[in-house]
Amino acid sequence: GTSHDITGSFDAVIMEDGVLQVNPIEITLTSYGDTWTYDAQPHSRPGVSVEGAFLPVDISTVPSATRTETNAGKYPNTISYTTTSSFKPQNYNIHENIDTLVINKRPLYLIGVDKLVDYQNGVDQSTTMFTYGNLVSGHTATGISYLAHGESVGDHTGVFSGTLHVEDALHNDVTSNYE
């Protein structure tokens, strides 16, 4: 194989430019969700899965989910990250799948206390004693009353009434976190 210049054999050479297409980097960021029952403690789920990759010169913090919540509710677990000054958004197609942090309301139990009394010849007997069950430690509940009464032999079911109010140790109203 010897090579020979054959360009003189053509009357005209037509040049046609090719195209270099540079596609953006596809990245999918997905935060995680979780579910708890209200316990007056802060809850978060910081992990983020990353499909694809940022170029190291374009990002200065790893993507993370930084939402922290204490009260009952549903919260989007948003994703955050910090880009550098060299970051060019047109070079990336970034998709975010945001999951949810769920803190369910805490069930609160109102428990009437049993009381045994002897028949008193038609005199109305009663009790107003009850307890709250499942309160978070340090919380106090008020606003509820209880009455069970009867003048004849037998079991008499009590009735709760009033409007529940629950406060934490700092006297903040946390009633909405209970059901």
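Residues numbered from 1 in each chain as written. Predicted model: local features only at pLDDT ≥ 70, side-chain atom pairs only at ≥ 80, totals over all residues. Heavy atoms only, no water.

## Describing the sheet that holds strand β12 (residues 125-127)
Strand order in the open sheet formed by three strands is β12-β14-β15, with antiparallel pairing between adjacent strands. The open sheet terminates on both sides in strands that have one partner only, identified here as β12 and β15 (159-167). Going across the sheet, the axis of each strand differs from the next one's by a mean of 15 degrees, ignoring polarity. As paired elements, β12 and strand β14 (residues 140-150) share three bridges and run antiparallel to each other. Bridge pairing in β14 links Q125 to G150. (Pairing = 2+ DSSP bridges. Helix = DSSP H or I, 4+ residues; strand = E, 2+ residues; numbered from the N terminus. Axes fitted to C-alpha atoms, helices over the stretch in contact; angles between N-to-C directions.)

## A short note on the packing of aromatic side chains
The tally for this structure, following the rule as stated, stands at eight aromatic pairs. Summarising the aromatic geometry, the rings of F87 and Y92 are spaced 5.3 Å apart at their centres and angled 15 degrees between planes, so their arrangement reads as stacked. For F87, a relative accessible area of 18% gives the class buried. Judged by its relative accessible area of 5%, Y92 is buried. Plain terms: the ring middles of Y146 and F160 are 4.6 Å apart, the flat faces sit at 40 degrees to each other, and that makes the pair tilted. (Phe/Tyr/Trp six-rings, centres within 6.5 Å; stacked < 30°, edge-to-face > 60°. Buried < 20%, exposed > 50% of the residue type's maximum accessible area, 1.4 Å probe, protein only.)

## Points about the sheet that holds strand β10 (residues 100-104)
Within the open sheet, the three strands sit side by side as β2-β10-β7. Their pairing is mixed. Every interior strand has two partners, whereas the edge strands, β2 (34-37) and β7 (73-76), have only one. In this sheet, adjacent strand axes meet at a mean angle of 15 degrees when their direction is disregarded. Bridge count between β2 and β10: four bridges; the pairing is parallel. Residue T35 lies in a different strand from β10, and its bridge partner there is V102.

## Digging into the environment of A12
Inspection of the secondary structure puts A12 in the segment before β1 (25-31). Of the residues examined, A12 reaches a relative accessible area of 58% and is grouped as exposed. Residues A12 and L110, spaced 98 residues apart in sequence, show a C-alpha to C-alpha distance of 97 Å.

## Some points on the layout of surface pockets
A water-sized probe rolled over the atoms picks out the places where empty space is left. Volume-wise, the largest pocket comes out at about 480 Å³. K115, V117, G154, D155 and H156 are, among the 22 residues lining the largest pocket, the residues nearest its centre. Listing elements by their share of the lining of the largest pocket, those giving two or more residues are β12 and β14. Tallying contributions element by element places β14 first for the lining of the largest pocket, with four residues. (1 Å grid on protein atoms, 1.4 Å probe; cavity = no way out; pocket = protein on both sides within 12 Å on 5 of 7 lines; lining within 4 Å. Points joined across faces, edges and corners; volume = space filled by probe spheres on them.)

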